[in-house]
Amino acid sequence: MSWYRPSDVGFAVRSKLSDLGLGARLFLRLFIGGMRSFRRFGLVRDQIHFLGNYSLAIIAVSGLFVGFVLGLQGYYTLQRYGSSEALGLLVALSLVRELGPVVAALLFAGRAGTSLTAEIGLMKAGEQLSAMEMMAVDPVQRILAPRFWAGVITMPLLAAVFSAVGVLGGYVVGVLMLRVDPGAFWGQMQGGVDVWKDVGNGVVKSIVFGLTVTFVALLEGYEAQPTPEGVSRATTRTVVVASLAVLGLDFMLTAMMFSI
């Protein structure tokens, strides 16, 4: 007994290729035509406030506790080799290279990405996007593009806040609680962290992650079924797809950056 037919496989492949084509077209419209959004920067500014300011609390609190954990784990690991003075370097490199961009992007996907998908999906369900098209207003340029560029701008700022608060958390645990020498803590960090190789790579990662998460959120909302179930499924897909994309891109970017 056959569990599938060749026609079913062909239909599934064709559907996936069609989805890829729709996604590529939307990305080009957002990336190329979306530059016009900066002519009305107020739209982008409002979305930066919506995405960034409302995500700041969870980013800062999470960064602080990640710094606490790094301070504890790093201290007890380095103490075995008599290198506890290098705790500041360990915390800083872990945050600016990896944890800052990655964890901030995952939190951004869960907080801002789901909000974008739900907002666009509900606008589609309420036929607001169709009404704009009837009035000769392009919803991609008016609604999606400002949110896209706001996400790209906001993500590196949130990652920087995450890393900075994480370093502060590592300082609190390492210096104030575990009595690591503060001069060694900051001196090792200043001497071992390279601005271009370490901080610069982290900034590049955060920009790529911001572009990816925001695009996935907008695509899922724009292509969601105009029903309550369709919007809820699109919101769930946003978290899953964006999180997996961030982790996969992190591996590829790390392999490229540190192999050159």
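Our structure is the block above this text.
Quick look at the structure, then. (Residues numbered from 1 in each chain as written. Predicted model: local features only at pLDDT ≥ 70, side-chain atom pairs only at ≥ 80, totals over all residues. Heavy atoms only, no water.)

## Quick look at the packing of aromatic side chains
- Considering all chains together, one arrives at 7 aromatic pairs under this definition.
- The interplanar angle of 70 degrees and the centroid separation of 5.7 Å between the aromatic rings of Tyr171 and Phe185 together place this pair among those described as edge-to-face. With a gap of 14 residues between them, Tyr171 in helix 6 (residues 139–177) and Phe185 in helix 7 (residues 182–192) connect regions that are remote in the sequence.
- One aromatic cluster in this structure is built from Tyr171, Phe185 and Trp186.
- Arg111 extends its terminal NZ or CZ atom over the ring of Phe50, reaching a point 5.9 Å from the ring centre. (Phe/Tyr/Trp six-rings, centres within 6.5 Å; stacked < 30°, edge-to-face > 60°. Helix = DSSP H or I, 4+ residues; strand = E, 2+ residues; numbered from the N terminus. Lys NZ or Arg CZ within 6 Å of the ring centre and 35° of its normal.)

## A look at the side chain of Thr117
- Relative to the helices and strands, Thr117 is located in helix 4 (residues 87–125).
- Within the local environment of Thr117, its side chain forms a polar contact with the backbone oxygen of Ala217, the two atoms lying 2.9 Å apart.
- Apart from residues no more than four positions distant in its own chain, Thr117 is found in contact with Ala217, Glu220, Gly221, Ala234, Thr235 and Thr238. (Polar contact = N/O pair within 3.5 Å; in protein donor to acceptor, adjacent residues only side chain to side chain. Contact = heavy atoms within 4.5 Å.)

## Section: helix 7
- Within helix 7 the residues assigned to the buried category are Ala184, Phe185 and Met189. In an axial view of helix 7, the angular spread of the buried residues amounts to 125 degrees, which keeps them on one side of the axis. Residues Gln190 and Gly191 are exposed on helix 7 and point more than 90 degrees away from its buried face.
- Where helix 7 is buried, its residues meet helix 4 and helix 6.
- Sitting at the head of helix 7, Asp181 places a side-chain oxygen 3.2 Å from the backbone nitrogen of Gly183. (Buried < 20%, exposed > 50% of the residue type's maximum accessible area, 1.4 Å probe, protein only. Arc of directions from axis to C-beta.)

## Some details on the pattern of salt bridges
- Scanning the model with the defined rule gives 6 salt bridges in all.
- Linking Asp250 and Lys205 is a salt bridge whose minimum nitrogen-to-oxygen distance equals 3.0 Å. Here Lys205 lies in helix 8 (residues 195–222) and Asp250 lies in helix 9 (residues 228–257), a separation of 45 residues in the sequence.
- The class of Lys205 is buried, set by a relative accessible area of 0%.
- Between Arg237 and Glu220 there is a salt bridge, with its nearest N and O atoms 2.9 Å apart. Of this pair, Arg237 sits in helix 9 while Glu220 is found in helix 8, placing the two residues 17 residues apart along the sequence.
- Residue class for Arg237 comes out partly exposed when judged on its relative accessible area of 37%. (Salt bridge = Lys/Arg side-chain N within 4 Å of Asp/Glu carboxyl O.)

By themselves, these figures tell us nothing about what the structure is for.
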